[in-house]
Amino acid sequence: MSSADLAVRVFRQLESEDFRTLNIIEAAMSKREFVPREQIQKYAKVPMDRIDFTLNKLNKLGLTYHNRGAYIGHTLNYTGYDCLAINALVKAGIISSFGQTIGVGKEADVYTALTPNGETIAVKFHRLGRISFRQTRRKRGYIKEHSTWLFQSHLAAEKEFQALQLVYENGVSVPKPISHNRHVIAMGIIEGGELSKWRKLTNPKRILKEILRNIRKAYLKAHIIHGDLSEYNIILNSDMHVLIIDWPQYVTTDHPNAMDLLQRDIQNVLTFFNRRFDVKTETQLACDYVTGKIRSMTF
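Residues numbered from 1 in each chain as written. Predicted model: local features only at pLDDT ≥ 70, side-chain atom pairs only at ≥ 80, totals over all residues. Heavy atoms only, no water.

A. Spatial organisation of the overall build of the chain. Across its full length, the chain holds ten helices and twelve strands. Taken along its principal axes, the extent of the C-alpha atoms in the chain is 75 × 40 × 30 Å. Within the span of the chain, comprising 299 residues, buried residues form 49% of the whole. For the chain, the proportion of contacts with a sequence separation of at least 24, taken over those separated by at least 6, is 61%. As displayed, the chain has an accessible area near 15,100 Å², and 49% of this comes from carbon and sulfur atoms. Taken as two groups, the 42 positive and 30 negative side-chain charges of the chain have centres that lie 1 Å from each other. (Helix = DSSP H or I, 4+ residues; strand = E, 2+ residues; numbered from the N terminus. Buried < 20%, exposed > 50% of the residue type's maximum accessible area, 1.4 Å probe, protein only. Contact = heavy atoms within 4.5 Å. Areas by Shrake-Rupley, 256 points an atom, 1.4 Å probe, with all protein chains shown as cover. Lys, Arg positive; Asp, Glu negative; His and termini not counted. Charge placed at Lys NZ, Arg CZ, Asp CG, Glu CD.)

B. Molecular detail of the pattern of salt bridges. In total, this model carries twelve salt bridges according to the counting rule given. Between R50 and E17 there is a salt bridge, with the nearest N and O atoms lying 2.3 Å from each other. Taken together, the residues span a long stretch of sequence, with R50 in helix α4 (residues 48-60) and E17 in helix α2 (residues 16-28) at a distance of 33 residues. A residue is classified by how much of its surface remains accessible, and E17, at 26% relative accessible area, is partly exposed. The salt bridge involving R182 is made with E26; its shortest N-O contact spans 2.8 Å. Residue R182 is located in the loop between β6 (177-181) and β7 (184-188), and its partner E26 is located in helix α2; the two are separated by 156 residues in the primary sequence. Under the relative-accessibility criterion, E26 is labelled partly exposed at 22%. Taken together, the shared-partner salt bridges connect R37, E38 and D52 into one network. (Salt bridge = Lys/Arg side-chain N within 4 Å of Asp/Glu carboxyl O.)

C. Quick look at the sheet that holds strand β8 (residues 193-194). Spatially, three strands are ordered β8-β10-β11 in an open sheet, and the strand pairing comes out antiparallel. Every other strand in the sheet has two partners, leaving β8 and β11 (242-244) as the edge strands with one partner each. Pairing of strand β10 (residues 234-236) with β11, which is carried by three bridges, proceeds in the antiparallel orientation. Each bridged residue has a counterpart across the sheet, and for L236 the counterpart in β11 is V242. Sitting on the sheet, helix α8 (residues 204-220) is in contact with β10 and β11, with an inclination near 35° to β11. (Pairing = 2+ DSSP bridges. Axes fitted to C-alpha atoms, helices over the stretch in contact; angles between N-to-C directions.)

D. Summary view of the confidence of the model for the chain. With 93% of its residues at a pLDDT of 70 or more, the chain has an overall mean of 92. Every residue in residues 132-138 scores below 50 in pLDDT, and together they form 14 contacts with partners more than four places removed in sequence or on other chains. (pLDDT = per-residue confidence, 0-100.)

E. Structural view of the sheet that holds strand β3 (residues 97-104). What the five strands build is an open sheet, ordered β3-β4-β5-β7-β6; its pairing is antiparallel. Edge positions in the open sheet fall to β3 and β6, since each of these has one partner strand only. Recorded for the sheet is a direction-independent mean angle of 25° between the axes of neighbouring strands. Taken together, the five bridges between strand β5 (residues 120-126) and β7 define a ladder with antiparallel strand orientation. Pairing of F125 across the sheet is with V184, part of β7.

F. Broad picture of the packing of α2 against α4. Orientation of α2 relative to α4, taken along the N-to-C sense of each, is 85°, at an axis distance of 10 Å. Considering the angle they form, α2 stands roughly perpendicular to α4. Across the interface between the two elements, E17, D18, T21, L22 and I25 from α2 touch R50, T54, L55, K57 and L58 from α4. Here the residues of the contact of α2 with α4 sort into four nonpolar, two polar and four charged. (Parallel < 35°, antiparallel > 145°, perpendicular 65-115°, else oblique. Nonpolar A, V, L, I, M, F, W, Y, C, P; charged D, E, K, R; others polar.)

G. Spatial organisation of empty space enclosed by the protein. Summed over the entire model, instances satisfying the criterion amount to one cavity of 30 Å³ or more. Empty space within the largest cavity amounts to approximately 70 Å³. Of all the secondary-structure elements, those providing two or more residues to the lining of the largest cavity are α8, β9 (224-225) and α9 (258-277). When residues in the lining of the largest cavity are grouped by element, the largest group, three residues, is from α8. The class makeup of the residues in the lining of the largest cavity is nine nonpolar, one polar and one charged. (1 Å grid on protein atoms, 1.4 Å probe; cavity = no way out; pocket = protein on both sides within 12 Å on 5 of 7 lines; lining within 4 Å. Points joined across faces, edges and corners; volume = space filled by probe spheres on them.)

So, in structure tokens, the structure goes:
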């Protein structure tokens, strides 16, 4: 069971005092890894026996860690952080209930959810702690040296939401950005399968053109580059149109490495289409099209 599964299961058991305690721990973690019960009691302004009861409850539900070593204190884990984000999205009227798991990956879990008016949306929980810190920092330059996994995931969600807003309003085919809180993003539903899973396509050249058109729109209109594009974050839906997902590593077109990252994105896509569907395209030609040096391209 993932931490989000556990958070969804125990969420209804939490009361306002539980959320207040989780919020206090979260705020205090900006200065220390483990928060002493005395500090929690100071900000909660309730008797210590109630603090101990709440902390014991949160620990048993699996929302916090209790360190009993040389430094005694409490800290949030991902499940506790999930509950805080879910609570904020529920209070904001974004979600009312959760559905099924869409996907579980190295750096995120994605679920379906219902809005209060019955619309199905997707909810993405960023999980950067599943890979090593060195690898995370190498792939994501915005990660700070001594930040916690929770804060790193918060930054990733914030950055991806910014990217979705930029490209969505410029006509790029991405999930509609709805809201975000902490490390969680609510977005339009993601339907279809990863391009990597498709063994046969009726018209692979048309689909490649559509992908390149979307990369071009992101570059020329939104002025950003995906930065980590491949067949694993391009969704092909039932009507054979694409949806580009996973934008937390985006860079702007004025980034020092912008052209290298753009060429890598394009090369990843072209290599896949060449290997899987025998569609051959020159990388430089595709780059010239995406950057607006030529108006159209043929295969």
